[in-house]
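# Notes for the structure review
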Amino acid sequence: MVGEAVSARDEILARLRTALADSPPPVQVPRGYRRVDDRPDLIATLVDRLEDYKAVVHHGIDALPRLLSEVGRLAVPTDVPADWLAGYAGELHRDSPPLSPAALDDLDAVLTGCAVVVADTGTIILDAGPAQGRRALTLVPDRHICVVRTDQVVGLLPEALTRLDPRAPLTWISGPSATSDIELNRVEGVHGPRRLEVVLIDSGA
Amino acid sequence: MSRPVAPATGSGRIRTPLPFPTAAKPAVADTQLRANLHRATRTIRAKRARVVDEVPDWEALRDAGAAIKADVQRRLPELLEQFEASATAAGATVHWARDAAEACRIVVALTQAAGADEVVKVKSMATQEIELNEALEAAGIAAYETDLAELIVQLGDDTPSHILVPAIHYNRAQIREIFQRRMADAPADLSDEPAALAEAARAHLRRRFLSARVAVSGANFAVADTGTLVVVESEGNGRMCLTLPETLISVVGVEKLLPTFTDLEVFLQLLPRSSTGERMNPYTSMWTGVTPGDGPQDVHVVLVDNGRSAVLADPVGRPALSCIRCSACLNVCPVYERAGGHAYGSVYPGPIGAILSPQLTGVADNASLPYASTLCGACYDVCPVKINIPEILVHLRQQAPHPPAERAAMRVLSWVMRSPRRWAAALRLARVGAGPLGAYRERRTGARTLRRLPWPASAWTRSRDLPLPAPQTFREWWGKQ
Amino acid sequence: MRIALFITCVNDLAFPATGIAVTRILRRLGHTVDFPADQTCCGQMHANTGYRAEAMPMVRNYVDVFDSYDAIVAPSGSCTAMIRDQYPHLHPPATSVAARTYELSELLVDVLGVTDVGAEFRETVTYHPTCHGLRMLRLGDRPLTLLRQVRGIKLVELGDAEECCGFGGTFALKNPDVSTAMLTDKCARVRDTGARVLAAADNSCLAHIGGGLDRHRSGVRAVHYAEILAETGATS
Ligand code: SF4
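These notes cover the structure that comes with them. (Residues numbered from 1 in each chain as written. Chains lettered and ligands numbered in written order. Predicted model: local features only at pLDDT ≥ 70, side-chain atom pairs only at ≥ 80, totals over all residues. Heavy atoms only, no water.)

### Some points on the overall build of chain C
Within chain C, the regular secondary structure consists of 13 helices and eight strands. Its C-alpha atoms give chain C a radius of gyration of 17 Å, near enough to 18 Å, the size a compact globule of 236 residues would have. Reported as C-alpha extents along the three principal axes, the dimensions of chain C are approximately 45 × 45 × 30 Å. Sequence separation of 24 or more characterises 78% of the internal contacts of chain C that already satisfy a separation of 6 or more. (Helix = DSSP H or I, 4+ residues; strand = E, 2+ residues; numbered from the N terminus. Rg over C-alpha atoms; globule rule 2.2 N^0.38 Å. Contact = heavy atoms within 4.5 Å.)

### Observations concerning the site of the ligand
Inspection of the region around the ligand gives B:Cys323, B:Ile324, B:Arg325, B:Cys326, B:Ser327, B:Cys329, B:Ile352, B:Cys383, B:Pro384, B:Val385, B:Ile387 and B:Ile389 as its neighbouring residues. Broken down by class, the residue content of the shell around the ligand amounts to 10 nonpolar, one polar and one charged. (Near = heavy atom within 4 Å. Nonpolar A, V, L, I, M, F, W, Y, C, P; charged D, E, K, R; others polar.)

### Thoughts on the interface of chain A and chain B
Frequently, the measure chosen for interface size is the accessible area removed from exposure when the parts meet. Listed as interface residues are 74 residues of chain A and, on the opposing side, 98 residues of chain B. Carbon and sulfur atoms make up 59% of the surface buried where chain A meets chain B, a total of about 7600 Å² over both sides. On inspection of chain A and its partner chain B, the count reaches 18 salt bridges. Across the pair A:Glu183 and B:Arg39 runs a salt bridge, and its minimum N-O distance is 3.2 Å. Taken together, chain A and chain B are joined by 40 residue pairs in polar contact (both at pLDDT 80 or more). Counting residues per element, the ones that place at least two in the side of chain A that touches chain B are helix H1 (8-19), helix H2 (42-52), helix H4 (101-105), helix H5 (157-161), strand E9 (170-173), strand E10 (178-182) and strand E11 (185-188) of chain A. (Buried area = accessible area lost by both parts, 1.4 Å probe. Salt bridge = Lys/Arg side-chain N within 4 Å of Asp/Glu carboxyl O. Polar contact = N/O pair within 3.5 Å; in protein donor to acceptor, adjacent residues only side chain to side chain.)

### Digging into the sheet that holds strand E6 (residues 154-156) of chain C
Residue and element names in this part refer to chain C. Across the sheet, which stays open at both edges, the four strands sit in the order E6-E5-E7-E8 with parallel pairing between neighbours. The open sheet has two free edges, formed respectively by E6 and strand E8 (221-224), since each of these has just one partner strand. Strand-to-strand twist of the sheet, defined as the mean angle between neighbouring strand axes without regard to direction, takes the value 35°. In this structure, strand E7 (residues 197-200) lies alongside E8, joined through four bridges in parallel fashion. (Pairing = 2+ DSSP bridges. Axes fitted to C-alpha atoms, helices over the stretch in contact; angles between N-to-C directions.)

### A look at the pattern of salt bridges
Applying the stated criterion to the full structure yields 77 salt bridges over all chains. We note a salt bridge from A:Arg135 to B:Asp294, for which the minimum N-O separation is 3.2 Å. With one member in each of two chains, A:Arg135 in the loop between strand E6 (123-126) and strand E7 (143-149) and B:Asp294 in the loop between strand E9 (283-288) and strand E10 (298-304) form a pair that bridges those chains. Taking the relative accessible area as the measure of exposure, A:Arg135 reaches 9% and is therefore buried. On the accessibility criterion, B:Asp294 (5% relative accessible area) is buried. Three or more residues are tied together by salt bridges with common partners; here these are A:Asp37, A:Arg39, A:Asp48, A:Arg49, A:Asp52, A:Asp120, B:Glu54, B:Arg273 and B:Arg279. (Buried < 20%, exposed > 50% of the residue type's maximum accessible area, 1.4 Å probe, protein only.)

### Some remarks on helix H2 (residues 31-53) of chain B
All names here are of chain B. For H2, with 23 residues, the first-to-last C-alpha span of 33 Å sits near the 33 Å given by 1.5 Å per residue. Listing the buried residues of H2 in full gives Leu33, Asn36, Leu37, Ala40, Thr41, Ile44, Arg45, Lys47, Arg48, Val51 and Val52. Regarding H2, its N-cap is Asp30, as a side-chain oxygen of that residue lies 3.2 Å from the backbone nitrogen of Gln32 further along. (Expected span 1.5 Å × (residues − 1).)

### Digging into the arrangement of the chains
Most contacts, compared over the two pairs of chains touching, are made between chains A and B. Taking C-alpha atoms as the reference, chain A and chain C come no closer than 17 Å and do not contact one another.

### Thoughts on the packing of aromatic side chains
Applying the stated rule across the entire model yields 15 aromatic pairs over all chains. Taken together, a centroid distance of 5.5 Å and an interplanar angle of 40° make the contact between B:Phe474 and B:Trp477 tilted. One end of the pair is B:Phe474 and the other is B:Trp477, both in helix H22 (residues 474-480) and three residues apart, which spans about a single turn. Of the two residues, B:Phe474 and B:Trp477, neither departs from the other in class, the shared state being buried. An aromatic cluster is built from C:Phe6, C:Tyr62, C:Phe66, C:Tyr69 and C:Tyr87, whose rings are joined through pairwise contacts. The side chain of B:Arg464 reaches across the aromatic face of B:Trp460, ending 4.6 Å from its centre. (Phe/Tyr/Trp six-rings, centres within 6.5 Å; stacked < 30°, edge-to-face > 60°. Lys NZ or Arg CZ within 6 Å of the ring centre and 35° of its normal.)

### Quick word on empty space enclosed by the protein
Residues and elements named next belong to chain B. Counted according to the given criterion, the structure contains seven cavities of 30 Å³ or more. Looking at the largest cavity, its volume works out to about 590 Å³. Around the largest cavity, the lining comprises 33 residues; the ones closest to its centre are Lys123, Leu164, Asn220, Val232 and Glu233. Within this model, the second largest cavity holds a volume of roughly 110 Å³. Lining the second largest cavity we find 17 residues, and of these Cys333, Pro351, Ala372, Ser373 and Cys379 sit closest to its centre. Take the lining of the second largest cavity: its biggest share by element is three residues, from helix H16 (residues 350-361). (1 Å grid on protein atoms, 1.4 Å probe; cavity = no way out; pocket = protein on both sides within 12 Å on 5 of 7 lines; lining within 4 Å. Points joined across faces, edges and corners; volume = space filled by probe spheres on them.)

### As for the interface of chain B and chain C
Across the boundary between the two partners, chain B contributes 62 residues, which contact 65 residues of chain C. With both chains or domains summed, chain B and chain C bury close to 5600 Å², and 57% of this area falls on carbon and sulfur atoms. When the area that chain B buries against chain C is broken down by residue, the three leading residues are B:Met410, B:Phe474 and B:Trp478, summing to 13%. Taken together, the links from chain B to chain C amount to 12 salt bridges. Here C:Asp12 makes a salt bridge to B:Arg475, at a shortest N to O gap of 2.7 Å. Inspection of the chain B/chain C interface yields 39 residue pairs in polar contact (both at pLDDT 80 or more). A per-element tally of the side of chain B that touches chain C places helix H19 (residues 404-417) of chain B first, with seven residues.

Quick look at the structure:
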């Protein structure tokens, strides 16, 4: 058909092809950066990074009951391990059926696990896998208590990526929510959870 | 077989309404603004330097980042098709927009189709560039900026002046004043402590987040092999927008692609350290199409050209498309520090703006920007993807339309200097001609300098003395030996 | 080794003392230097202002004049950077002569292996690393290494030393407000040091900063560091 409208897609792709008329040569990407960490004590690094972000770190599963005793209303993913809740006497809200944003906003804290943790940057990664639940769960409550097993800790960011499924919704968390928007100084506590507490448990034990 | 289609320049908020020197004048004279920028840029420079210095393989990461981006540019059409296929397979709908107006039309139509008359927004340069808020407003849709700095700028009826911290030009007292004036639910006794101001913003936006039906975002990265989008943020407003509403529309420049998910291992190390000077920003979200039962179920991606094909068409200027909008180059730029972001007249200020805006629009439409630099090179040193900004600035200056008087003077000078004989004669003439004046000034003031000259030399002498030719040129001294 | 002086256009006309100083230093170290009289200008101002076509005749003239020398020395960081960084792209036949062109401190430290040039200078001096020397040539602390060996000198550190002075060639004329704001800050940092002499590797930046210092009657003298290295303490 004469004068048929070209779709935006075809036109943009055609423009870009024209723009590359000079045929730039193939690029070899030099990957000389570190992909594995050789630091001896990853856990010490992790704790240092987390505390630098003003996250609070607790050691051992035994720390949980005391922590949870301060929490009146607690959100948990449906598959939360039963032993994490041992002795919990407060109001427990399992995310089934899914809690509405307004309902989540009324709760005091959420307790989850995580998928991978990067020691070098103090980053906790959630992938909606076991003991993590959907994204809204760890976002709306003002306090996030996250259980990290030492076998989930890797040194560097490249090591973490190899453990993740890109198709899962991923949330990378480095400390409580914060902003640097006022005079470029970091202050903690904006829209995301204002308190982040990490319970480190030794998976070897 | 497709016919060749010429790359096209873009539209939107990327043109300087005033030449840079004119626009910079009031900023330079504003001592409060200068003090705010001085303080903020010094703070961030020191933070960046500290977290970059602790990374032993920083240069290797920069080399990898630059190479990955060069590879993306070389394969852009094929990677876009790959992204479209993977995102579509994951349940997203991919749209294409030739320019700002087309991108706005798409977002307006999608919002209307969702039956919403308001959207919550995550800070995004692309939506600033296409002037989406104005387009939404014209269609009767309210757009709420949720990033703290964007909120400050929106409430202050102002425009952003920095890529990362759009309200960098305000200090805490000024921010409190804006909140008290424009935020109905701000506490009466609001202090100017950053924590109190952040708390006020949290309370102000909370209800809006919990009830929003449509969110609009940009993306820091779009991964071709998986169809994943990535948003890097700090406050959690991004997570709110990307998670709670039913409909999510992401406006993404075509240059934002990365070939593979693995490539994120480079950029998620380069970006946070370069931008906020942190080892890692508080939150990074990645999503691939739709996840049943988790987050938005109606997911759209709008891929925008708006001048990027024109940038791609220039092999020297092309690396400007590598920019990851970290703003490190702004923070170290001595010109940005004095002139502020608004002087650049575009959503892209600072050194990257001085090369990107003229390339997006065509140099003739932003002719003063390539000259808004001393070529000191501080930007190139910090750029995490090694964009040689000074080289591109000089390249763009060749294409800029030159003022006729300047052109004439440059030609005469070139004619003189290309000939050793004419140059030697000119030196002699200048020395002899200035001789009596130099001698007079030396007797009067003890120095062979001038203090006041008529235009155009007045641009020099209003703040500095001008040296006169010496009583004997070097070559005359040499000849006498 | 056949060493040629590339004095640069601005130095030839307005700052002959710098070229004279370079000549004296090299002769004192026992080298023979030549000043090919057909030299003009490196073309930096034209090329960087957007007149590359008009710069090309100067580029070609540079090659004609200097190609036969083993080393060419210029007392200017920015002219040397123009030649070394831009010439190979602008005019490929210039690649070899560009690689043999050195800023004074590079010639002394790297090529001739000298750090003590036998100078004496009894003054308090602060040093401003000019941008092109710092970030394009990567001179590092070569000029300071040379200055530290000068007898009698008292070197004081300049605050925000690595920040541009605001000259930028035609930038100073095209953007006078921003340029002046940068200059004002640089002059303030220089005055903070209490030094009586400001040294740098580029007379164009020095004319700008020195012009600002003079305007404020600060009593600080701006000189090319070559002129300090040339001093021997003897009354000349
Ligand atoms: S040009 Fe480089 S330094 Fe500037 S914002 Fe872009 S990536 Fe960052």
